[in-house]
Each structure stands twice: as C-alpha cells, then as structure tokens.
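# Summary of the model geometry
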Amino acid sequence: TMKRLFSTSHSSVDAKEMKKFQLLAHKWWDEEGEYSALHSMNDIRVPFIRDTLLSMRSNYHVGNPLSGVKILDIGCGGGLLSEPLGRLGASVTGIDPLEDNIRTADQHKSFDPVLAKRIQYKSSSLEEIVEECMETFDVIVASEVVEHVADLEMFIKCCSQVLKPEGSLFITTINKTQLSYVLGILVAEKLIGIVPEGTHEWEKFVPPEELESILESNGFSVKTVNGMLYNPLSGSWSWMESTSINYAVHAVKSGAQAQPSPTGALSEVGSEQPSATAGTAL
C-alpha cells in the first residue's frame, strides 16, 4: 500500500511568501498594476508552451490545439496563465495555496462560459494533491513559482509524482546572478517599482544548473533552457540566449523517447533579439 509520500506538515509552501501575495490577491487582473509584467509574459510563455507541445504531437485540432491535454498550473494566482491555456482547448487545473487568489481566479473565469467548463481551481498546495492525482497530468506549468517555494527538491519530486510518464514540465524563474540582483530587485522593486518591493529574495533565486540537476535526479530529461528578458520601457518580453536573468525550462519525465528540441517554435516566438542593455527581471 502506498501512503502519502509527502506529509503536509513538511510543505514546500513558504508562509512568509504567502503573506506577500495575500495583499495583492485582488489585483491579478489589473493589466497596468503590480502584475503587468506577468500579463505581458503571456506573449512569450503561452506560445512557448503551445508550440513545444505541438512539436511533440502528430495530430491536433487547429481551433483547439491543446484539446485533450490535461494541464496542472501550480501557483496559478488569479488565473493569468490558466485562462489562455484553457482557450487553446486544454483542460486546466489551477492550484494555489491562497484562497483569495482562487476566489479571484474563479470569479474571472465565470465571465466566460467556455473557460468555466475547461478550468477548475482549487485552493491547495502541490503536496496536498499528490495522493489523489498520481500520474494524472500530461503537462505541469510552474511559472514564476520555484523562486518562492520552501523546499525545491520536494517540489520537483511532487511534480514528478503527479505527471504522467513522458509528460512535460514547464518552469519559468529567475537565475541567481549579480545581474539578476541588480535588475530583479534593486531596479524592478526599489527603483522603478514594476514589482512590489519585497516580492523576491535573491537567496531563493535558482541557477539553471541547479534546477537541471534537481530535475535530472528526479527522473526528468531537460530539453530546453532559454533566456528571457523584460524591457520595462516597452513593457514586453523577448527571448535571448543568455540565461543570466530570467529563463524558461522544458523538461520531460522519463519514459519519453528523445524529442527534437523545439528550436523552430522558439525562434518563431522570439525572432527579435532584445537589447541586453534595457532589461530587468520580474
């Protein structure tokens, strides 16, 4: 018999981090507010997820290309990423430990009858759903989450547990470099205020080498690591070669046959190379 693998008494949820986001729970859908950079991140992260998944499938419906795909959006907040994935036809489960975030997400989803059927939200930590959701999801998305968790190793273990063999895991996060400290905290939070002050702790930023190592030791094969850059002047994101600030990862759970790297999808999404001089991290 299989007991719960990860006791909720030892959780990857950081209570201190939750207090930060509690204060902003009602502001998720203000495109000009504290989460404006996350709204604009959809311009590159949604096509990245979509095109990568389509490069691994032989058949899909043009109108609903992700139809039949079960996605878990971890740390879904107010549903900023869950909704566009639902519009692509996916069946999305969004989880967030903050009930206020889930209330905001549920309310916004209710305005669209199609999304109301495709998306379900639950106030829960990842550990709390492991037992009921073993190998349930085709795709897991954890965007701007891992730099806020208390136990990254356990978080990735849990991702592996709820993901089907050959399933895809997408992560976006912030590298731990001097540049990310300057741009991500000093500039973004303290100087120009595009991110609420205190949102990030540099000590919790995750270098891609460390993330890759944890992923591989938990049965994942890392397929793509791509740098991201936010330009606060234009309010837009673009792909870049350097991972010194923000970056995106696509990994596949073991059992998958080797897949070609979706370079075509990436070059299509980020054909314009950004200037390295005018950027900051979220």
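By convention here, each chain's residues receive numbers from 1 onward along its written sequence. Owing to the predicted nature of the model, reporting of local features is limited to residues with pLDDT of at least 70; listing and counting of side-chain atom pairs is limited to 80 or more, with chain, interface and lining totals taken over all residues. Water and hydrogen atoms play no part in the side-chain values, which are based on all heavy atoms of the structure.

## Considering the packing of aromatic side chains
- Stacked, edge-to-face and tilted are the three classes for Phe, Tyr and Trp ring pairs, Trp counted by its six-membered ring, which pair at centre distances within 6.5 Å; planes under 30 degrees apart are stacked, over 60 edge-to-face, the rest tilted. Summed over the entire model, instances satisfying the criterion amount to four aromatic pairs.
- Considering the side-chain rings of W28 and Y35, the 3.8 Å spacing of their centres and the 0° angle between planes classify their relative orientation as stacked. With respect to class, W28 is no different from Y35; both count as buried.
- Three or more aromatic residues joined by ring pairs form one cluster here, namely F48, F170 and W239. Classification of residues uses two cut-offs on accessible area relative to the type maximum, computed with a 1.4 Å probe and protein chains only: under 20% is buried, over 50% is exposed, and between them is partly exposed.

## A closer look at helix α9 (residues 208-217)
- Those residues of α9 lying buried are P208, L211, I214 and L215. Buried residues of α9, viewed axially, fall in a sector of 130°; they line one side. Exposed positions of α9 whose direction lies more than 90 degrees from the buried face are E209 and S217.
- Lining the buried residues of α9 we find α7 (152-162), β5 (163-174), β6 (220-231) and β8 (246-253).
- One or two positions beyond α9, positive phi appears at G219, with a value near 85°. In DSSP terms, a helix is any run of H or I states spanning at least four residues, a strand is any run of E spanning at least two, and both are numbered starting from the N terminus. Summarising the geometry, the arc corresponds to the directions from the helix axis toward the C-beta atoms. We call two residues in contact whenever any of their non-hydrogen atoms come within 4.5 Å of each other.

## Focus on the confidence of the model for the chain
- Put simply, the chain has an average pLDDT of 84, and 77% of its residues get 70 or more.
- pLDDT measures how confident the predictor is about each residue, on a scale from 0 to 100. In this model, residues 1-9 is a region of pLDDT below 50 whose contacts with residues beyond four sequence positions or in other chains number 14 contacts.
- Counting interchain partners and residues more than four positions distant, the pLDDT-below-50 stretch residues 256-282 has 67 contacts.

## Description of the pattern of salt bridges
- Salt bridges are counted wherever a side-chain nitrogen of Lys or Arg sits within 4 Å of a carboxyl oxygen of Asp or Glu. For the coordinates displayed, the defined rule picks out 11 salt bridges.
- Measuring nitrogen to oxygen at the nearest pair gives 3.4 Å for the salt bridge that ties E135 to K253. Here E135, found in the loop between α6 (126-129) and β4 (137-143), pairs with K253, found in strand β8; they are 118 residues apart in sequence, far enough to count as distant.
- Looking at E135, the relative accessible area reads 43%, which means it is partly exposed.
- Through salt bridges with shared partners, a single network forms among E83, R87 and D112.

## Observations concerning empty space enclosed by the protein
- In the cavity and pocket records, a cavity denotes points on a 1 Å grid over the protein atoms alone where a 1.4 Å probe fits but cannot get out, a pocket denotes an open set with protein on both sides within 12 Å along at least 5 of 7 lines, and lining residues are residues with an atom within 4 Å of a point. Grid points are joined across faces, edges and corners, and a volume is the space filled by probe spheres set on the points. Per the stated rule, a full pass over the model turns up two cavities of 30 Å³ or more.
- Within this model, the largest cavity holds a volume of roughly 40 Å³.
- Lining the largest cavity are R45, F48, I49, L81, V141, A142, S143, F170, I171 and T172.
- When contributions to the lining of the largest cavity are tallied by element, the ones reaching two or more residues are α2 (36-54), β4 and β5.
- As a working rule, the residues Ala, Val, Leu, Ile, Met, Phe, Trp, Tyr, Cys and Pro are called nonpolar, Asp, Glu, Lys and Arg charged, and the rest polar, with Gly in that last group. Residues belonging to the lining of the largest cavity are distributed by class as follows: seven nonpolar, two polar and one charged.

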